[in-house]
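Letter by letter, the chains look like this.
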Amino acid sequence: MQILSSVLLTALALASAAHGAIPLGKRQQVVSAHGTTTAPANGSTIVPGSTFPFHYSDSNFCESGYSLISVYLSTSAPTAADVTTSGGLVDGSFSFDFGNFLIPNFGLPPMTTPPPPPATLTAPTLSGIADGTELFFTVVETFRDCPPDGHIEYGLETTTVVYA
């Protein structure tokens, strides 16, 4: 019995040491895989207060039942460094947050919280942004439960739009 206890304690100590050597927070990363924004099309004009078409085809890189996306409008193109560990953009890196949406995959029913992406979004009125300014319409896609060990990864996709 004492040998079994000793073996178990050694195994537990090794597992704890290995766990501490690889911080889980560092395993969350932005990957090159991401879906595609088909609307608004690159270079489209958006008018404050008016609706514009929105469609994002998710990558579903990890083959999840649902794909969480977060949608933003920025004055500069967000980078991987702007993506937070919760799948959003860091405050100050965007001008407007359209919200989070959940895309059902494999014919699953839509959820209500967060809702599925709408077919249209309303362009915000942004103070200090002149007509004709190029903005960056960005989607952050969260990949959950990626094989082999179930960590979280993010895809970052940006399309340019013109603010009119």
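Residues numbered from 1 in each chain as written. Predicted model: local features only at pLDDT ≥ 70, side-chain atom pairs only at ≥ 80, totals over all residues. Heavy atoms only, no water.

Under an unreviewed UniProt entry, the chain has the name Ubiquitin 3 binding protein But2 C-terminal domain-containing protein and belongs to Lentinus brumalis.

In this section: the side chain of serine 93. Among the structural elements, serine 93 can be located in the loop between β6 (66–74) and β7 (96–104). Engagement of the side chain of serine 93 in a polar contact is seen with the backbone oxygen of valine 90, the distance being 2.7 Å. If sequence neighbours within four positions are ignored, serine 93 has contacts with Ser74 and Asp82. (Helix = DSSP H or I, 4+ residues; strand = E, 2+ residues; numbered from the N terminus. Polar contact = N/O pair within 3.5 Å; in protein donor to acceptor, adjacent residues only side chain to side chain. Contact = heavy atoms within 4.5 Å.)

A separate point is the environment of asparagine 60. Structurally, asparagine 60 can be placed in the loop between β5 (55–57) and β6. Each residue touching asparagine 60, except ones within four places of it in the same chain, is listed here: Ser67, Asn105, Phe106, Glu141 and Phe143. Here serine 64 takes part through its backbone nitrogen, which lies 2.7 Å from a polar atom of the side chain of asparagine 60.

To continue, consider the side chain of glutamate 141. Along the polypeptide, glutamate 141 turns up in strand β9 (residues 133–146). For glutamate 141, the side chain forms a polar contact with the main-chain nitrogen of glycine 35, separated by 3.2 Å. Here serine 59 takes part through its backbone nitrogen, which lies 3.1 Å from a polar atom of the side chain of glutamate 141. When residues no more than four places from it in sequence are discounted, the contact partners of glutamate 141 are His34, Gly35, Tyr56, Asp58, Ser59, Asn60, Ser67, Leu68, Ile69, Glu153, Tyr154 and Gly155.

Moving on, we come to the packing of aromatic side chains. Any aromatic ring pair is given by two values, namely how distant the centres are and how the planes are angled relative to each other. The full count for this structure, using the stated rule, is seven aromatic pairs. Ring plane angle 65° and centroid distance 5.7 Å describe the contact between phenylalanine 54 and phenylalanine 137, whose orientation is recorded as edge-to-face. Here phenylalanine 137 lies in strand β9 and phenylalanine 54 lies in the loop between β4 (51–53) and β5, a separation of 83 residues in the sequence. You'll find phenylalanine 54 and phenylalanine 137 in the same group, each marked buried. Cluster of aromatic residues (ring-pair linked, three or more members): Phe52, Phe54, Phe96, Phe98, Phe101 and Phe137. (Phe/Tyr/Trp six-rings, centres within 6.5 Å; stacked < 30°, edge-to-face > 60°. Buried < 20%, exposed > 50% of the residue type's maximum accessible area, 1.4 Å probe, protein only.)

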